[in-house]
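Here is what each chain is made of, one letter per residue.
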Amino acid sequence: MTEEMITRYSNMLFKICLVILGNEQDAQDAIQDTFYRYLYNHPEFSDEEHEKAWMIRVAVNISKDMRRFQQRHPKVSMEQLEDYYESPKEGEILEELIRLPYKLKTVIYLHYIEGYKVKEIASMLCISQSAVKKRLQRGREQLKLICEGKE
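Rules behind the numbers
- Residues numbered from 1 in each chain as written.
- Predicted model: local features only at pLDDT ≥ 70, side-chain atom pairs only at ≥ 80, totals over all residues.
- Heavy atoms only, no water.
- Helix = DSSP H or I, 4+ residues; strand = E, 2+ residues; numbered from the N terminus.
- Buried < 20%, exposed > 50% of the residue type's maximum accessible area, 1.4 Å probe, protein only.
- Contact = heavy atoms within 4.5 Å.
- Areas by Shrake-Rupley, 256 points an atom, 1.4 Å probe, with all protein chains shown as cover.
- pLDDT = per-residue confidence, 0-100.
- Salt bridge = Lys/Arg side-chain N within 4 Å of Asp/Glu carboxyl O.
- Axes fitted to C-alpha atoms, helices over the stretch in contact; angles between N-to-C directions.
- Parallel < 35°, antiparallel > 145°, perpendicular 65-115°, else oblique.
- Left-handed = near helix turned anticlockwise from the far one by under 90°.
- Nonpolar A, V, L, I, M, F, W, Y, C, P; charged D, E, K, R; others polar.

Here the focus is the overall build of the chain. Of regular secondary structure, the chain possesses 8 helices and 0 strands. Ordered by position in the sequence, the α and β elements of the chain form the string α-α-α-α-α-α-α-α. Buried positions account for 26% of the 151 residues belonging to the chain. In the chain, the share of contacts with a sequence separation of at least 24, taken over all contacts with a separation of at least 6, comes to 50%. Summed over all atoms, the accessible surface of the chain reaches about 10800 Å², with 51% contributed by carbon and sulfur.

Structural data, given as structure tokens:
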């Protein structure tokens, strides 16, 4: 793939993906995935129109797949988070938890918010108790850094 190809198609694909996904970051991800598939599959085209049609079809399909995934796995925005907490302090805690990596925030939430013991968390997540303890330690360290940075 040449830089010329990326230059030729990226703006058009971005607009198509943006319309489907409604989000700039997701549209950029879809374009990257489209070019990746082009590199991986090495399709041969009869002419430039065939190439353009292939790029559009792949970008649209990727965007549709992303859209389906988003609908099945909805996210809670920071603004919507206010609906889920009872006090401003609880809201601050949940906002900080959301910023942690997935593995850490899961064990932190289950242990400190829901009150599960290390053994129970290990069983739920199918990991060892020592892995739960280590994730709790790392999560606390990261939360401490986040909180110190706010002051």
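Moving on: the confidence of the model for the chain. With 85% of its residues at a pLDDT of 70 or more, the chain has an overall mean of 83. Put simply, helix 4 (residues 78–81) is where the chain has its lowest mean pLDDT, 60, and helix 2 (residues 24–41) is where it has its highest, 91.

Pairing of side chains with opposite charge becomes possible as their charged atoms draw close. Inspection of every chain in the model, using the stated rule, returns 4 salt bridges. Here Asp65 ties to Arg68 by a salt bridge, and the two come within 2.7 Å at their closest N and O atoms. Taken together, the residues Asp65 and Arg68, both in helix 3 (residues 48–72) and 3 residues apart, mark about one turn of the helix. A single network of salt bridges, built from pairs that share partners, joins Glu4, Arg8 and Glu51.

Here we come to the packing of helix 2 against helix 3. At their nearest, the axes of helix 2 and helix 3 sit 9 Å apart, and the two run at 130° to each other. The orientation of helix 2 relative to helix 3 falls into the category oblique. Where helix 2 crosses over helix 3, the handedness of that crossing is right-handed. Residue-level contacts link Asp26, Asp29, Ala30, Asp33, Thr34, Phe35, Arg37, Tyr38 and Asn41 of helix 2 to Glu51, Trp54, Met55, Val58, Ala59, Ile62, Ser63, Met66 and Gln70 of helix 3. Grouping the constituent residues of the contact of helix 2 with helix 3 by class yields 9 nonpolar, 4 polar and 5 charged.

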